[in-house]
Structure formats: structure tokens, C-alpha cells
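Each chain, letter by letter, is given below.
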Amino acid sequence: MTNVTDEGPRINYEKKPVSQEQLQHEYDYFLAQQILESMLKYDLITVDEFNKITTLNRQSFSPALAHIMPRNR
């Protein structure tokens, strides 16, 4: 039998300031992906091309959460 408590898992995290440069990378990545989404929507690129360019965008812009983002469409 499992005991249920009000305590959730303990998460240890460290607050780190975000630099202006990192914010700019995040914004640039977001814009690049919006353009890419539009190109895919209007059949200007294939899903395979979308995935390859997304990989390149993640390498170029280094968004903070890239390691947990889905890999493919």
C-alpha cells in the first residue's frame, strides 16, 4: 500500500540571471521558427526540411530549453 502525502517531490534549482544576449538568442530562435512554420504551412518546405532547419536553428541560436524540445514533427 502506498502512503499519499501533501508533499510533492523536492526540486532543487538555482536561479540564474538571463543575459541580454541569451534573451536575444531566444527571440531570434522564436522568429526563425515562426517563419519556418509559415513556410511549412504553405508547402514551401517539406517536413523533412523543416526538421533539418529546426536542428540547425537550435544549434545556431542555442535556446535555453532546446534539450527538452521535441526533435521532429
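Within any chain, residue numbers begin from 1 and follow the written order of that chain's sequence. Reporting of local features is limited, given that this is a predicted model, to residues whose pLDDT is at least 70; pairs of side-chain atoms are given and counted only at 80 or more, and all residues count toward the totals for whole chains, interfaces and linings. As a convention, hydrogens and water are excluded, and side-chain values are obtained from all of the structure's heavy atoms.

**Comments concerning helix α2 (residues 47–61)**
The α-helix advances 3.6 residues per turn, and as a result positions three or four apart in sequence lie on the same side. Starting at the N terminus, helices and strands are each numbered in turn, a helix being any DSSP run of H or I of at least four residues and a strand any DSSP run of E of at least two. A helix is expected to span 1.5 Å for every residue after the first. With 15 residues, α2 should reach 21 Å at 1.5 Å per residue; the first-to-last C-alpha distance of 21 Å fits that figure. Taken together, the buried positions of α2 are occupied by Phe-50, Asn-51, Thr-54, Asn-57, Arg-58 and Phe-61. Axial view of α2: buried residues confined to an arc of 120°, hence all on one face. Of the residues in α2, the exposed ones pointing more than 90 degrees away from the buried face are Lys-52, Leu-56, Gln-59 and Ser-60. Lining the buried residues of α2 we find α1 (20–41). Only protein chains enter the area calculation, which uses a 1.4 Å probe; residues under 20% of their type maximum are buried, those over 50% are exposed, and those in between are partly exposed. Note that the arc is defined by the directions from the helix axis to the C-beta atoms. Two residues qualify as a contact provided that any one of their heavy atoms is within 4.5 Å of a heavy atom in the partner residue.

**Some thoughts on the packing of aromatic side chains**
Between the rings of Phe, Tyr and Trp (Trp by its six-membered ring), a pair exists once the centres lie within 6.5 Å; its type follows the angle of the planes, with under 30 degrees stacked, over 60 edge-to-face, and the other angles tilted. Scanning the entire structure with this criterion turns up 1 aromatic pair. On the numbers, 6.5 Å between centres and 65° between planes, the contact of Tyr-29 with Phe-61 is edge-to-face. Within this pair, whereas Tyr-29 is found in helix α1, its partner Phe-61 is found in helix α2, the two being separated by 32 residues in sequence. Classification of Tyr-29 by relative accessible area gives buried; the value is 9%.

**Points about unusual backbone geometry**
In terms of backbone geometry, most residues other than glycine have negative phi values and most peptide bonds are trans. The phi dihedral of Asp-43 falls on the positive side, at around 55°, and the residue is not glycine. For Ser-62, which is not glycine, the phi dihedral falls at a positive 45°.

**Observations regarding the side chain of Gln-33**
Tracing the sequence through the fold places Gln-33 in helix α1. As used in this structure description, the phrase polar contact means that two N or O atoms lie within 3.5 Å; if the pair is within protein, one of them must be able to donate a hydrogen and the other to accept it, and residues adjacent in sequence are counted only when both atoms belong to side chains. A polar contact is formed between the side chain of Gln-33 and the side chain of Thr-54, at a distance of 3.2 Å. Apart from residues no more than four positions distant in its own chain, Gln-33 is found in contact with Phe-50, Thr-54 and Asn-57.

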